[in-house]
Amino acid sequence: MPEQKCRAVYHKSDMKSAPFKFCQECGAVINAKLKPKEDCSKYHTLRKSKGYKYCPDCGAALQKQ
Ligand SMILES: [Zn+2]
Ligand SMILES: [Zn+2]
């Protein structure tokens, strides 16, 4: 697994309970305790328009290049 330097706030050590399972910037798991939401795909378009690179629920790459 490649180590990525991501500046998203979710990776900070003082954030012990991240609100999302996956980092929306790098796609890394930030809170493995959360269960993925099965219906998150309907938000993918909205999240993509917000500039999310990855879905915070399922980790899918939203910005395909
Ligand atoms: Zn990240
Ligand atoms: Zn998703």
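Quick look at the structure, then. Note that the structure is predicted; figures quoted are calculated from it, not measured.

Here cysteine 58 is to be found in the segment after helix 1 (44-49). Once residues lying within four places of it in the same chain are set aside, the contact partners of cysteine 58 are Pro36 and Cys40.

The topology assignment puts glutamine 63 in the segment after helix 1. Put simply, glutamine 63 and serine 49 are 14 residues apart on the chain and 9.4 Å apart in space, counted from C-alpha to C-alpha. In this structure, glutamine 63 is in contact with Lys48 and Lys53, ignoring residues within four places of it in sequence.

By size, the foremost hydrophobic cluster in this structure holds eight residues: Ala18, Phe22, Cys23, Ile30, Tyr52, Tyr54, Cys55 and Leu62. With residues up to four places along the chain from it excluded, the contact list for cysteine 55 reads Phe22, Cys40, His44, Arg47, Ala60 and Leu62.

This paragraph deals with the environment of tyrosine 10. Examined against the element boundaries, tyrosine 10 turns out to sit in the segment before helix 1. Note on tyrosine 10: 18 C-beta atoms within 10 Å, which makes it partly exposed. Tyrosine 10 sits 13 residues away from cysteine 23 along the chain, and the two C-alpha atoms are 6.8 Å apart.

Parameters and conventions
- Residues numbered from 1 in each chain as written.
- Chains lettered and ligands numbered in written order.
- Predicted model: local features only at pLDDT ≥ 70, side-chain atom pairs only at ≥ 80, totals over all residues.
- Helix = DSSP H or I, 4+ residues; strand = E, 2+ residues; numbered from the N terminus.
- Contact = placed C-beta atoms within 7 Å.
- Core = buried A, V, L, I, M, F, W, Y, C linked by C-beta atoms within 7 Å.
- Buried ≥ 20, exposed ≤ 12 C-beta atoms within 10 Å, placed from the backbone.

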